[in-house]
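Notes for the structure review
In case you want the letters, here they are:
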Amino acid sequence: MAETLILILSFLILLILGVPIAFSIGISASIVLAMEINNGIALATIAQRLITGLDSFSLLAIPFFILAGQIMNKGGIANRLIDFARIFVGIIPGGLLYVNIIANMLFGAISGSAVAATSAIGGFMLPKMKKQGYPEDLSAAVNIASSTIGLVIPPSNILIIYSLASGGVSITALFVAGYIPGILMGLSLMIIGVILAKKRGLPSFKAPSFSEAFSAFFSAVPSILLLIIVMGGIIGGIFTPTEASAIAVVHALFLSMWIYKEVKIRDLGQIFLDTVKTTSLVLFLVSTSVAMSWVLSYENIPQSLSDSLISLSSNKYVILLIINLILLLFGIFMDMTPAVLIFTPIFLPVVTNLGVDPIHFGIIMVMNLCIGLCTPPVGSVLFVGLSVSKVSLSKVMPSLILLYIALVVVLLLVTFIPELSLWLPSFLPS
Amino acid sequence: MNKINEVIKKGLIVILIGLLCLLLITVLWQVFSRFILHSPSSFTDEFSRYLLIWLSFLGSAYLVTLQEHIAITILSDKLDRKHYVILKYSVILVFSVLVMIIGGFSLVKTMLEMNQLSSALQLQVGWVYIVLPISGILISIFSLNNISQAWKGAKT
């Protein structure tokens with residue numbers, strides 16, 4: 001018990017002092033282990049966990065999905081996706097809100113980054129909406145809340161990390177399971193959008209002419225094809241997710257350099273370097289979080305937490321509800337990657353004992369932590385979204401709260417109706 | 001100090017971009033050898049995993065010199081910048097020296113003594129793991145530089 005307390009306290013103190021999250025995790029794990037065993041051995045053990053935590057072929061998909069996303073982003077994909085979405089929903093009153101939501105879902109799925117979606121799609125959409133007389137707080141809130149949906153819609157790096165943390169739940173099944181919950185998240189935000197648009201009398205966009213629609217459609221199709229090639233290859237069992245991610249890079253390079261012609265050879269150095277930065281940011285977090293998770297299990301902390309959870313109730317829905325509350329609370333303060341790596345080994349054994357499918361639980365966890373990305377005080381997506389829109393936090397909050405409620409309702413639906421995540425994967429060949 | 005820092009940083013950029021390119025080529029070779037040559041390559045799986053380990057640790061050293069590791073800044077925004085930077089990088093310095101350098105070297109030494117070979121490439125695993133102390137040294141140098149820059153910045 002003393003160890004648990006020291007672990008949590010040292011982590012929180014380091015975090016509040018502004019020590020980078022990855023280092024805070026690594027340091028508090030080292031402190032706790034050094035209290036237990038010989039210091040020299042403790043240091044070498046942590047060192048070993050740091051390295052072995054990254055020794056996984058499926059983690060390799062992460063740098064490639066990031067790279068493909070960076071290339072597509074430089075290749076001007078944001079504008080194409082916006083024009084594409086406009087063909088379908090632009091003429092409904094408040095249409096630009098739905099354009100923003102759909103473009104964010106597609107961009108997030110393709111680029112794998114919620115922060116990139118907020119700034120890239122928001123950067124184009126927010127000025128457009130302002131010009132059309134949309135209230136700034138509403139458009140900023142919609143842009144923020146919708147940009148995390150791409151993390152649930154495959155391919156998704158965070159689901160790869162969950163697969164690692166869970167000890168090998170099929171990435172393919174997790175990917176496929178994300179479609180319906182992701183689309184429901186989008187729909188729920190659109191419903192709030194419709195209500196607010198009606199209340200505030202938002203204008204619709206004029207219908208595009210047939211030729212405009214035609215060219216917008218075919219300009220975006222090659223980008224969307226990336227999702228189809230990657231997911232088709234994975235679902236069909238042709239590629240592993242890692243191989244598919246490398247194919248995605250080739251597709252993105254081909255598209256941006258030869259078809260769209262917006263990326264030049266000389267841009268590649270910067271794109272590669274940016275990819276290295278994002279990759280090592282995530283993977284160093286994975287590395288220290290895996291070390292932390294090992295120390296936790298060495299101290300038997302997951303076991304004692306599981307026991308106290310089970311003692312609260314043996315009803316799986318009650319337990320899932322409690323876990324959701326805990327995750328929502330931690331998601332407010334914690335980044336997604338360490339949260340998945342640290343909490344999965346704690347909660348997964350409890351829920352699988354009660355008969356919850358690990359795929360279902362992965363989707364619940366990721367959806368839940370997505371909400372944390374757009375809440376104060378530390379949500380990265382929230383702050384990027386605010387700086388893109390130049391609207392203050394207090395101004396977006398009223399609209400944002402409505403959108404949080406919508407997302408939480410979907411989270412509860414996905415929690416209590418397992419079929420929403422498990423129906424599609426049931427068609428996969430086993 | 002700052003000059004050495006800049007030289008290392010430039011070298012590191014070249015190595016990191018090279019590693020990512022090599023990683024991409026390796027995985028594409030795996031796809032190519034399986035589909036076109038119909039003889040799946042045996043070394044690519046292991047080699048690419050080791051490349052990723054090198055990329056991640058050297059990349060996180062690079063992030064230290066850029067000061068771009070993500071942190072929570074609610075309280076530190078209120079601290080003055082000089083003291084915040086000195087505090088933050090002193091903590092990182094302690095971690096990199098103790099865990100990454102000392103812990104890392106003793107791990108490498110053990111691995112080499114045990115003569116542990118990797119399964120496909122028959123490589124000494126110790127040499128793969130040496131990236132940890134190397135990154136530790138880089139992180140220490142970069143942290144010291146960040147500290148000294150912050151120190152000087154406040155003096156002038």
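Computed from a prediction, not measured in an experiment: that's the story for all the values here.

**So, the overall build of chain A**
Looking only at helices and strands, chain A features 21 helices and zero strands. Relative to a compact globule of 430 residues, whose C-alpha radius of gyration would be 22 Å, chain A shows 22 Å and is just as compact. Counting only C-alpha atoms, chain A reaches 70 × 50 × 45 Å along its principal axes. When contacts within chain A are restricted to residue pairs at least 6 apart in sequence, long-range pairs at least 24 apart make up 80% of them. Of the accessible surface of chain A, which amounts to about 15500 Å², a share of 70% is contributed by carbon and sulfur atoms. Positive and negative side-chain charges of chain A, numbering 18 and 16 respectively, have mean locations separated by a distance of 18 Å.

**Brief notes about helix 6 (residues 95–111) of chain A**
Residues and elements named next belong to chain A. For helix 6, spanning 17 residues, the distance from its first C-alpha to its last is 24 Å, which sits close to the expected 24 Å at 1.5 Å a residue. In terms of burial, helix 6 is a largely internal element, 16 of the 17 residues being buried. Just past helix 6, the residue G112 takes up positive phi, approximately 70°.

**Digging into the interface of chain A and chain B**
Contacts between chain A and chain B engage 54 residues on the former and 53 residues on the latter. Scanning the region where chain A abuts chain B turns up three salt bridges. A salt bridge links R49(B) to D55(A); the nearest nitrogen and oxygen atoms lie 2.7 Å apart. For the interface between chain A and chain B, the tally reads six residue pairs in polar contact (both at pLDDT 80 or more). For the side of chain A that touches chain B, the elements supplying multiple residues, two or more each, are helix 1 (2–17), helix 2 (21–36), helix 3 (39–52), helix 4 (61–74), helix 13 (241–259) and helix 14 (268–298) of chain A. Residues belonging to the side of chain A that touches chain B are distributed by class as follows: 38 nonpolar, twelve polar and four charged.

**Things to note about the environment of H69(B)**
With respect to the helices and strands, H69(B) occurs in the loop between helix 2 (44–66) and helix 3 (81–113). Setting aside residues up to four positions removed in sequence, H69(B) forms contacts with P20(A), F23(A), L281(A), F284(A), S60(B), L63(B) and V64(B). Among the polar contacts listed, one links the side chain of H69(B) to the backbone oxygen of S60(B), at a separation of 3.0 Å.

**Here we look at helix 17 (residues 336–353) of chain A**
All names here are of chain A. For helix 17, spanning 18 residues, the distance from its first C-alpha to its last is 25 Å, which sits close to the expected 26 Å at 1.5 Å a residue. The element helix 17 is largely enclosed, with a buried count of 14 among its 18 residues. Immediately beyond the C-terminal end of helix 17, within one or two residues, lies G355, with a positive phi of roughly 95°.

**Here's the deal with the state of the cysteines**
What we call a disulfide is simply a covalent bond connecting the sulfur atoms of a pair of cysteines. All names here are of chain A. As enumerated under the stated definition, the model contains zero disulfides over all chains in all. Looking at C374, it has no disulfide partner, and the nearest cysteine sulfur is the one in C370, 7.7 Å off. Judged by its relative accessible area of 0%, C374 falls in the buried class.

**Some details on the confidence of the model for chain B**
All names here are of chain B. Looking at chain B, pLDDT values average 91 and 97% of them are 70 or higher. Ranking the helices and strands of chain B by mean pLDDT puts helix 2 first, with 96, and helix 5 (residues 131–155) last, with 91. The ipTM value of the predicted complex is 0.94, and its pTM value is 0.92.

**Points about the nonpolar core**
Counting 211 residues, the largest nonpolar core has F23(A), F107(A), F361(A), L400(A) and F57(B) as its most contacted members. At 14 residues, helix 14 of chain A tops the list of elements feeding residues into this core. Leave out the neighbours within four places in its chain, and L400(A) touches A141(A), I144(A), A145(A), C374(A) and L382(A).

**Details of the pattern of salt bridges**
Any two side chains of opposite charge can pair if their charged atoms end up close together. Taken as a whole and judged by the stated rule, the model has ten salt bridges over all chains. With a closest N to O distance of 3.8 Å, K130(A) and E136(A) form a salt bridge. D137(A) serves as the salt-bridge partner of R200(A), at 3.4 Å between the closest nitrogen and oxygen. One end of the pair, R200(A), is in helix 11 (residues 179–200); the other, D137(A), is in helix 8 (residues 136–146), with 63 residues separating them in the sequence. Taken together, the salt bridges that share partners define one network made up of D55(A), D45(B) and R49(B).

Each value, and the rule that gives it
- Residues numbered from 1 in each chain as written.
- Chains lettered and ligands numbered in written order.
- Predicted model: local features only at pLDDT ≥ 70, side-chain atom pairs only at ≥ 80, totals over all residues.
- Heavy atoms only, no water.
- Helix = DSSP H or I, 4+ residues; strand = E, 2+ residues; numbered from the N terminus.
- Rg over C-alpha atoms; globule rule 2.2 N^0.38 Å.
- Contact = heavy atoms within 4.5 Å.
- Areas by Shrake-Rupley, 256 points an atom, 1.4 Å probe, with all protein chains shown as cover.
- Lys, Arg positive; Asp, Glu negative; His and termini not counted.
- Charge placed at Lys NZ, Arg CZ, Asp CG, Glu CD.
- Expected span 1.5 Å × (residues − 1).
- Buried < 20%, exposed > 50% of the residue type's maximum accessible area, 1.4 Å probe, protein only.
- Salt bridge = Lys/Arg side-chain N within 4 Å of Asp/Glu carboxyl O.
- Polar contact = N/O pair within 3.5 Å; in protein donor to acceptor, adjacent residues only side chain to side chain.
- Nonpolar A, V, L, I, M, F, W, Y, C, P; charged D, E, K, R; others polar.
- Disulfide = S-S within 2.5 Å.
- pLDDT = per-residue confidence, 0-100.
- Core = buried A, V, L, I, M, F, W, Y, C linked by side-chain atoms within 4.5 Å.

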